[in-house]
Amino acid sequence: QVRLVESGGRLVHTGDSLRLSCTASIRPSSTDTMAWFRQAPGKEREFVAAITWSGGRTNYADSVPGRFTISTINSKNAVYLEMSSLKPEDTAVYYCAAKPGLLLSAYISDYDYWGQGTQVTVSS
């Protein structure tokens, strides 16, 4: 059973940058996929980005082109989400997720493991 723990969320201002971290309790397999989703108040959870644990391939939501970067830190069993040029509409709880297999899925139902989430608030 993999446990995922997110950290790094906080209150920031429009235009700021922020890095979120997700640490896995056990080392993911090279054939696992890690992802970030987010859920804004009153909205459904949505896909943000995914990456194979090997780091070779990534997939991003159309809503974050060029502003967000997902990466893996193998030595720390961690996945980062680097966010820049933050906007108020990026305000949400950000969740880390993991699944076996190399499909960079954007579907919630494809992911087996989830963290508890970390709050990001972007003030205008």
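These numbers come from a predicted model, not from an experiment.

Parameters at a glance
Residues numbered from 1 in each chain as written. Predicted model: local features only at pLDDT ≥ 70, side-chain atom pairs only at ≥ 80, totals over all residues. Heavy atoms only, no water. Salt bridge = Lys/Arg side-chain N within 4 Å of Asp/Glu carboxyl O. Helix = DSSP H or I, 4+ residues; strand = E, 2+ residues; numbered from the N terminus. Buried < 20%, exposed > 50% of the residue type's maximum accessible area, 1.4 Å probe, protein only. Core = buried A, V, L, I, M, F, W, Y, C linked by side-chain atoms within 4.5 Å. Contact = heavy atoms within 4.5 Å.

This part covers the pattern of salt bridges. Two side chains carrying opposite charge are able to pair once their charged atoms lie near each other. If you walk through the whole model with that rule in mind, you get three salt bridges. We note a salt bridge from Asp90 to Arg38, for which the minimum N-O separation is 2.9 Å. Residue Asp90 is located in the loop between strand 8 (78-83) and strand 9 (92-100), and its partner Arg38 is located in strand 4 (residues 32-39); the two are separated by 52 residues in the primary sequence. Judged by its relative accessible area of 0%, Asp90 is buried. Counted as one network, the salt bridges with shared partners bring together Arg38, Glu46, Arg67 and Asp90.

Here the focus is the nonpolar core. Judged by nonpolar contacts, the single largest core of 34 residues is most densely connected at Trp36, Leu81, Met83 and Tyr94. Of all the secondary structure elements, the ones that give two or more residues to this core are strand 3 (18-24), strand 4, strand 5 (46-52), strand 7 (68-73), strand 8, strand 9 and strand 11 (118-123). With sequence-adjacent residues up to four places away left out, Leu81 is seen in contact with Leu18, Arg19, Leu20, Trp36, Val48, Ala49, Phe68, Thr69, Ile70 and Tyr94.

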